[in-house]
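Letter by letter, the chains look like this.
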Amino acid sequence: MKMQDGPIIAGGGIGNMKLGITQKELLSIIGDDYKEEKLGIGKRITSDNVKFWINDEGKVDQIGVGKDFKGKYKGIIGIGSTLNDVKKYIGNYVEVYDTYEIENEKGICFELEDVNDWDELTAPIRYIYVFQDRKSGSAGM
């Protein structure tokens with residue numbers, strides 16, 4: 001399954017994929033085209049340009065999109081946007097481990113591309129993650 005488009009909702013979901021749905025509900029939507037990986041806590045299900053983290057209760061608690069996903073956060077920030085864009089249109093951000101979160105909005109973070117002459121303000125966003133409200137961070141793509 002390839003996610004093409006849809007709104008990115010901090011702490012809520014991406015497109016028609018919502019945080020908190022069960023693994024069974026998720027698999028009924030994405031079908032058989034996925035890979036499953038056991039993690040220290042829970043598992044990760046990967047399907048083309050989207051990843052889902054399943055907690056020990058069997059529910060989706062994080063979703064990440066990358067590659068050619070066209071959806072936007074607040075209709076503005078998407079894959080390929082920069083932290084300059086985030087700062088200009090959304091607000092300040094903070095670095096949390098290897099990702100960047102919006103300072104006053106929980107449940108969303110960005111991972112940047114590694115590019116030559118890397119600058120966090122101008123490096124393109126490579127992945128966008130939404131997660132249930134917790135203290136910080138992503139489990140990484």
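It should be emphasised that the depicted structure is a prediction, and the values quoted were computed from it without experimental measurement. (Residues numbered from 1 in each chain as written. Predicted model: local features only at pLDDT ≥ 70, side-chain atom pairs only at ≥ 80, totals over all residues. Heavy atoms only, no water.)

A.B. asks: What's the story with the overall build of the chain in this structure? I'm lost.
C.D. replies: Broken down by element type, the chain carries two helices and eleven strands. Here the C-alpha radius of gyration of the chain, 14 Å, is about what a compact globule of 141 residues would show, namely 14 Å. Burial statistics for the chain: of 141 residues in total, 44% are counted as buried. Once local pairs closer than 6 in sequence are excluded, the contacts in the chain between residues at least 24 apart make up 50%. Counting every atom, the chain has about 7,500 Å² of accessible surface; 45% of that belongs to carbon and sulfur. Here the chain holds 19 positive side-chain charges and 24 negative ones, and the gap between their average locations is 4 Å. (Helix = DSSP H or I, 4+ residues; strand = E, 2+ residues; numbered from the N terminus. Rg over C-alpha atoms; globule rule 2.2 N^0.38 Å. Buried < 20%, exposed > 50% of the residue type's maximum accessible area, 1.4 Å probe, protein only. Contact = heavy atoms within 4.5 Å. Areas by Shrake-Rupley, 256 points an atom, 1.4 Å probe, with all protein chains shown as cover. Lys, Arg positive; Asp, Glu negative; His and termini not counted. Charge placed at Lys NZ, Arg CZ, Asp CG, Glu CD.)

A.B. asks: Whenever I open this one, the sheet that holds strand E1 (residues 8-9) confuses me. Can you help?
C.D. replies: What holds strands together in a sheet is hydrogen bonding between their backbones, with the strands either parallel or antiparallel. Ordered by their spatial adjacency, three strands build an open sheet running E1-E2-E3, and the pairing between neighbours is antiparallel. Since the sheet does not close on itself, it has two edges, and those belong to E1 and strand E3 (17-18), each with one partner. Of the pairings in the sheet, the one linking strand E2 (residues 13-14) to E3 comprises two bridges and is antiparallel in character. Directly across from Gly13, in E3, lies its bridge partner Lys18. (Pairing = 2+ DSSP bridges.)

A.B. asks: Explanation requested: the packing of aromatic side chains in the structure shown.
C.D. replies: Each aromatic ring pair is specified by the distance between its two centres and by the angle formed by the two planes. Evaluation of the coordinates by the stated rule reveals three aromatic pairs. Here the aromatic rings of Tyr93 and Tyr100 are separated by 5.8 Å at their centres, their planes lie at 75°, and the arrangement is edge-to-face. A relative accessible area of 16% means that Tyr93 is categorised as buried. Taking the centre distance of 6.2 Å and the plane angle of 35° together, the rings of Tyr127 and Tyr129 count as tilted. Across the pair, Tyr129 and Tyr127 agree in class, each one buried. An aromatic cluster is defined as three or more aromatic residues linked by ring pairs; in this entry it consists of Trp53, Tyr127 and Tyr129. (Phe/Tyr/Trp six-rings, centres within 6.5 Å; stacked < 30°, edge-to-face > 60°.)

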